[in-house]
Amino acid sequence: MNKLFSISLAFWLAFIFFACNDEFDHYSTNPNDRLAFSKDTVAFDTILSTVNTPFQTFMIYNTHAKPLLISSIYLENGEKSPFRINVDGRAGSSFSDVEIRGNDSIYVLVNAKPSENASSQPVSLSDRILFVTNGVRQEVILKAASQDAVMWKGETIFSDSILSNDKPFLIYDSLVISEGATVKIREGTTFYMHSNAEIIVRGTLQMEGTFENPIVVRGDRFDYLLDIPYDLIPGQWGGIRFESSSYGNEWNHVYIRNGKYGLDFGLSDASQSKIKMENVVMTNVKGVLIHALNCQIEAKNCEFSNAKDALLDLTGGQYQFTHCTIANAYVSSLETGWGNSNDETIVLSSNYFDETTGKNAAYPLTAFFYNTIIWGSRNLTTSKIRLETNEPDEISLLFQNCIIPNGKEDNNSADIVSSAIQCLFNVDPQFKEIRDDKRFYDFSLDSISPARNIADPEIAKQIPLDIHGINRFLDEGPDIGGYEYVSIPIDNS
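Residues numbered from 1 in each chain as written. Predicted model: local features only at pLDDT ≥ 70, side-chain atom pairs only at ≥ 80, totals over all residues. Heavy atoms only, no water.

## Some remarks on the sheet that holds strand β4 (residues 68–75)
Basically, it comes down to this: Only strands that DSSP links by at least two bridges are regarded as paired with each other. Helix and strand labels come from DSSP, where a helix needs a run of H or I of at least four residues and a strand needs a run of E of at least two; each type is numbered from the N terminus. With axes taken as lines fitted to C-alpha atoms, and helix axes fitted only over the stretch in contact, angles between N-to-C directions fall between 0 and 180 degrees.
Strand order across the open sheet formed by five strands is β2-β10-β9-β4-β7, with mixed pairing between neighbours. Single-partner strands in this sheet number two, and they are β2 (41–48) and β7 (94–100). Each adjacent strand pair in this sheet contributes to an overall mean axis angle of 20 degrees, direction not counted.

Structure, rendered in structure tokens:
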């Protein structure tokens, strides 16, 4: 009985198998029955040589009733191609007799790993995926621009150095500047930071970019998530940490974006300059944008924007912000890694809990804001400036010609209101464009912005040009914030 059952089962399984595959015995031989593709070109943005790119995907469609047999799929340049493909789960550079059922489709994955170019400039790469079906050849074009980079893994700089800007740097793990060493970064230098990579400064970091050739620190991914570039998505790398031994840092025309945090400054001597920043733009981080403990920091003409937690979290020390735009429009979007925003703007504190001693300590804080916009556009309740202190005289504040999210009617903001001169409270500064769907945020001013023409002119004379190099004195008066209004858009990409 068991033997008979086994024979019957084997018969029916064989019957089902051949019945299911019978379709492939009747391939279309009509040369007019061609393939269709979801893309005719697969284009990568700039990619780094010797580094595998993430995959891009396209579909091959058989839009006809009968199955098709693709006699060959291959890269035109074969094994010499910088591109690699995966067809329906199989990796390689060429494939034969690939079947597609009627009215069905298969996936093709494409990635690249280009060799070094021996050039400081990007080099164009191209190839074609060729498909031959019933004697008819079709193609999908592959394009990319390959950029050589200096790859550093766990690099430490022990002595005074000037880094060349001939090629960008790709940082794995960390880049450490030792105590006592001063590292100068030339204009136009780009740092591509791999996942979790950090820059750790124990000495001094001087970054001197220009408006035409800024210094850029960003993640190393060039692909997209849900049609949004990874370059706009927070959390792509670690951040920049300044140890207690680091002083005398100076930055000009620096763009930093999409880290897990921005700048973290360890416990310092507030009588020494920790950092001076001018024309610095920092945006889109997954934690605190700037965290400092008893530091002396000066910022002019800067944009500090979009952080899940506070934009500025300052405990003790001396701080001065002049003509800055401090704006939080961080959006909650779990699918693109933005998380849920606490949407804080500024936290100013004199209280510090020392985890090593287990004791509380007080560090007096002085913070002056001149001609500066402070704003959180999501929720005015959580976007306000927050003060944390046990003794009121431990925090000294001044806001002069600023826009502040705290309102006069809010009793909790009494110390802030009493420290304000010629300020606007709870007034939307009307930024140029906030596009959550595209993760695009232009914090320059709209034509109807209340920040226009009301900055203190004597203070503005100290910084007559805005972040984009626009003269603040060409119209009725200088504007509050880092950007002077202009009717012609400025490309700050």
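Read on for the rest.
## A few points about the nonpolar core
Test applied: Definition of nonpolar core: a set of buried residues of the types Ala, Val, Leu, Ile, Met, Phe, Trp, Tyr and Cys, connected through side-chain atoms within 4.5 Å. Three labels apply to residues, based on accessible area from a 1.4 Å probe with only protein chains included: buried if under 20% of the type maximum, exposed if over 50%, partly exposed otherwise in between. A contact between two residues is defined here by any heavy atoms of the two lying within 4.5 Å.
Membership of the largest hydrophobic core comes to 63 residues, with the highest contact counts inside it found for W251, M277, F304, F369 and F399. Here W251 is in contact with L205, M207, I240, F242, I256, L263, I275, K276, M277, E278 and V280, once residues within four sequence places are set aside. Listed in part, the 26 residues of the second largest apolar core include L35, I70, L75 and F131.

## Examining the side chain of S350
Its location among the elements puts S350 in the loop between β29 (346–349) and β30 (351–354). Take S350: its relative accessible area is 0%, and that puts it in the buried class. Contact partners of S350, with chain neighbours within four places excluded, come to T315, A361, A362, Y363, E388, T389, N390, E394 and I395.

## Focus: unusual backbone geometry
Most of the time, phi is negative for any residue but glycine, and the peptide bond is trans. Not every positive phi belongs to a glycine, and N306 is a case in point at roughly 60 degrees. The residue N371 is not glycine, and still its phi comes out positive at about 50 degrees. Structurally, the position occupied by N371 is in the loop between β32 (365–370) and β33 (373–376). Since its relative accessible area comes to 0%, N371 is described here as buried.

## Focus: a negative patch on the surface
Put simply, the test is: Any residue with relative accessible area above 30% and no salt bridge may belong to a patch, with like charges joined within 9 Å and the nonpolar Val, Leu, Ile, Met, Phe, Trp and Tyr side chains within 5 Å. In this description, accessible areas are obtained by the Shrake-Rupley approach with a 1.4 Å probe, and a residue is regarded as covered only by the protein chains that are shown. The salt bridge definition used is simple: a Lys or Arg side-chain nitrogen within 4 Å of an Asp or Glu carboxyl oxygen. When charges are tallied, Lys and Arg are placed among the positive residues and Asp and Glu among the negative ones, while His and the ends of the chain are skipped. Lys charges are placed at NZ, Arg charges at CZ, Asp charges at CG and Glu charges at CD.
On the surface, E187, E208, E212 and E250 cluster together to form a negatively charged patch. Considering the arrangement of structural elements, one finds E212 in the loop between β17 (204–208) and β18 (215–219).

## Quick notes on the sheet that holds strand β1 (residues 36–37)
Strand order in the open sheet formed by five strands is β1-β3-β8-β5-β6, and the pairing between neighbours is antiparallel. In this open sheet, the two edge strands, each paired with only one partner strand, are β1 and β6 (90–92). Bridge count for β1 against strand β3 (residues 56–62) is two bridges, and the pairing is antiparallel. Residue pairing in the sheet places A36 in a bridge with Y61 of β3.

## Looking at the pairing of strand β26 (residues 303–307)
In terms of burial, β26 is largely enclosed, as five of its five residues are buried. Two strands pair when backbone bridges link them, and strand β24 (residues 273–285) and β26 are joined in this way by four bridges, in the parallel orientation. Each residue of the ladder has a partner; that of V285, found in β26, is A307. Where β26 lies against strand β28 (residues 325–328), three bridges are found, and the strand directions are parallel. Paired with E303 across the two strands is T325, which belongs to β28.

## Details of the packing of aromatic side chains
Put simply, the rule is: Two aromatic rings from Phe, Tyr or Trp, using only the six-membered ring of Trp, form a pair when their centres are within 6.5 Å; if the ring planes differ by under 30 degrees the pair is stacked, by over 60 it is edge-to-face, and anything between is tilted. The rule is short: NZ of Lys or CZ of Arg within 6 Å of the ring centre and within 35 degrees of the ring normal puts a charge over the ring.
Taken as a whole and assessed by the stated rule, the structure comprises 15 aromatic pairs. Here the aromatic rings of F37 and F131 are separated by 4.8 Å at their centres, their planes lie at 45 degrees, and the arrangement is tilted. A residue pair is termed long-range when its members are at least 10 positions apart, and F37 in strand β1 and F131 in strand β9 (residues 123–133) qualify at 94 residues. The class for F131 is buried, based on a relative accessible area of 0%. Judged by centre distance (5.3 Å) and plane angle (20 degrees), the ring pair of F169 and F191 falls under stacked. Here the residue F169 occupies a position in strand β13 (residues 169–177), and F191 occupies one in strand β15 (residues 190–193), the gap between them amounting to 22 residues. Taking relative accessible area as the criterion, F169 reaches 4% and is therefore assigned buried. On the basis of relative accessible area, F191 is assigned to the buried category, the value being 2%. Aromatic rings pair up to connect F304, F321, F369 and F399 into one cluster. Above the ring of Y230, the side-chain terminus of R221 is found at 3.7 Å from the ring centroid.

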